[in-house]
Amino acid sequence: MTDFAKALESGVSLLRALPRRGVGVADARRTAGEWAARHPAIRAQLVVDRRPGTPVVDYDLLLDHPDGGTVALTAPPEDGVPWLIDHSTHWAAGYLVSVNDVDVTVPQALTMLRTLSRGDSSPYREIVDQCLLAEATGDTGSSTDSLTAADLQATADEFRRGRGLHDRASTLAWMTEAGMSGEQFEAYITEIARRRRFRRDRAAELAPGHLAANPGDFARVRAVWVTGEEQVTAGTVSDLLTGLASLGDTGEATVTFATRWEADLPAPLRGTPPGGIVGPVELPDGGFLTGAVLRRSPATDDRETLAAAGRAAFAGWLAERRAAATVEWHWS
């Protein structure tokens, strides 16, 4: 028997032994990964098929054939449904995207869209990020066992406030519009809570090292600046403040007085010594900036600063995973 034939036989045994419930997917991926490590030549990949509306999952095992091409191995359970009916479509027919080992169906993606931050990033990138967080929580063994009632309540309250759901009636109306049962809403909130907990714990873990490596980014800086189509000039801070006091916010100029972390200042102001004047500087998106740094306090390791360092470190960690991820959109 060839090595590939032995791998096929072993792969069937692997598939038949994997748990068939969604709660066991993380264990299934771990078991399949250990099996694949024992057969490196065939570059095995486990594909998870979550049946919509049920807790049941199916698996395919994709193997590189020695002579080229890919062999898909499946071992469906004896559930009374003929194989040709159960597998009459390609495994990815109901999927929108696969990110590494996380496969997202169209209904799951629509559910994800309800939790997007509505920040500067695109929905595509945020869906990928949520997949990476789901993968990470599985990698670290995170589970609902570590969540407390307070975790779930805080997540539910934050979710409701963000959507203006201030009472039971409005929440039930939203669930009806979204097509969610009570059990589905609970599972939905639980998954958000898991990722929220992971994000908080990971940020806290990374914060001290990130702050130590980048103390300049977390100096507290009091600054003033004006942006607009017209170029504003000033020789001293006093001149600038006098001019800005008479200018104010207009349709043509915006004046900002703020205390921010160094890294969050407009780029032209970063590193400017107290009392220094910057500008007018042409901005990449158009217009000009003129500003001054009024004072700067060195970074400390207080709670607020560590929290900011943790957020920055987590964003960098997630960006690294995103850059290294294998992302496949199933548009056709």
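Structural notes, computed from the coordinates. Because the structure is a prediction, the values reported are computed rather than measured. (Residues numbered from 1 in each chain as written. Predicted model: local features only at pLDDT ≥ 70, side-chain atom pairs only at ≥ 80, totals over all residues. Heavy atoms only, no water.)

A short note on the overall build of the protein chain
- If you tally the helices and strands in the protein chain, you get 10 helices and 10 strands.
- Intrachain contacts of the protein chain at a sequence separation of at least 6 include 65% that bridge at least 24 residues.
- When the accessible area of the protein chain is evaluated, it comes to approximately 19,000 Å², of which 53% is carbon and sulfur surface. (Helix = DSSP H or I, 4+ residues; strand = E, 2+ residues; numbered from the N terminus. Contact = heavy atoms within 4.5 Å. Areas by Shrake-Rupley, 256 points an atom, 1.4 Å probe, with all protein chains shown as cover.)

Description of unusual backbone geometry
- The backbone phi angle of Arg43 is positive, close to 45°, even though this residue is not glycine.
- Examined against the element boundaries, Arg43 turns out to sit in the loop between α2 (25-37) and β1 (45-50).
- Look at Arg43 and you get exposed, because its relative accessible area is 59%. (Buried < 20%, exposed > 50% of the residue type's maximum accessible area, 1.4 Å probe, protein only.)

So, the packing of aromatic side chains
- On inspection of all chains with the given rule, the structure shows 10 aromatic pairs.
- Seen in terms of ring centroids, Phe159 and Trp174 are 5.2 Å apart; in terms of plane orientation they differ by 75°. Their pairing is edge-to-face. In this pair, Phe159 is assigned in helix α6 (residues 149-162) and Trp174 in helix α7 (residues 168-178), connecting sequence segments 15 residues apart.
- In this structure Phe159 comes out as buried when scored by relative accessible area, which is 5%.
- Taking the relative accessible area as the measure of exposure, Trp174 reaches 15% and is therefore buried.
- Measuring from centroid to centroid gives 5.5 Å for Phe159 and Tyr188, while their planes differ by 90°, and the two rings are edge-to-face. Separated by 29 residues along the polypeptide, Phe159 in helix α6 and Tyr188 in helix α8 (residues 182-213) bring together distant segments of the chain.
- Here Tyr188 falls in the buried class, since its relative accessible area comes to 9%.
- Site record: aromatic cluster; members linked through ring pairs are Phe159, Trp174, Phe185 and Tyr188. (Phe/Tyr/Trp six-rings, centres within 6.5 Å; stacked < 30°, edge-to-face > 60°.)

Some remarks on the sheet that holds strand β7 (residues 253-261)
- Across the sheet, four strands lie side by side as β7-β6-β9-β8; this open sheet has antiparallel pairing. For this open sheet the edge positions go to β7 and β8 (277-282), each flanked by a neighbour on one side alone. Adjacent strand axes in the sheet meet at a mean angle of 20°, parallel and antiparallel pairs treated alike.
- Summarising the sheet, strand β6 (residues 220-228) and β7 pair through nine bridges and their orientation is antiparallel. Note that in β7 the partner of Val224 across the bridge is Phe257. (Pairing = 2+ DSSP bridges. Axes fitted to C-alpha atoms, helices over the stretch in contact; angles between N-to-C directions.)

Observations concerning the pattern of salt bridges
- Here the structure, examined in full by the defined rule, presents 13 salt bridges.
- Across the pair Arg321 and Glu135 runs a salt bridge, and its minimum N-O distance is 3.3 Å. One end of the pair, Arg321, is in helix α10 (residues 303-324); the other, Glu135, is in helix α5 (residues 123-139), with 186 residues separating them in the sequence.
- The exposure class of Glu135 is buried, given its relative accessible area of 15%.
- Linking Arg202 and Glu205 is a salt bridge whose minimum nitrogen-to-oxygen distance equals 2.9 Å. Taken as a pair, Arg202 and Glu205 lie in helix α8 at a separation of three residues, close to a single helical turn.
- Members of the salt-bridge network, linked through shared partners, are Asp151, Arg197, Arg200 and Asp201. (Salt bridge = Lys/Arg side-chain N within 4 Å of Asp/Glu carboxyl O.)

With respect to the nonpolar core
- Counting residues in hydrophobic clusters, the biggest one holds 20 residues, and the most contacted among them are Leu15, Trp35, Leu46, Tyr59, Leu61 and Leu63.
- Residue assignment for this core shows that the elements contributing at least two residues are α1 (3-17), α2, β1 and β2 (57-64).
- Element by element, the count of residues in this core is highest for α2, at five residues.
- Beyond its immediate chain neighbours, meaning those up to four positions away, Leu61 contacts Gly11, Leu14, Leu15, Trp35, Ala44, Gln45, Leu46, Val71, Ala72 and Leu73.
- Val104, Leu132, Ala136 and Trp317 belong to the second largest nonpolar core, which has 18 residues in total. (Core = buried A, V, L, I, M, F, W, Y, C linked by side-chain atoms within 4.5 Å.)

Some thoughts on the environment of Trp317
- Among the structural elements, Trp317 can be located in helix α10.
- Each C-alpha atom of the pair Trp317 and Ala203 lies 9.2 Å from the other, and the pair is 114 residues apart in sequence.
- The contact partners of Trp317, leaving out residues within four places of it in the chain, are Leu133, Ala136, Phe198, Arg202 and Leu206.

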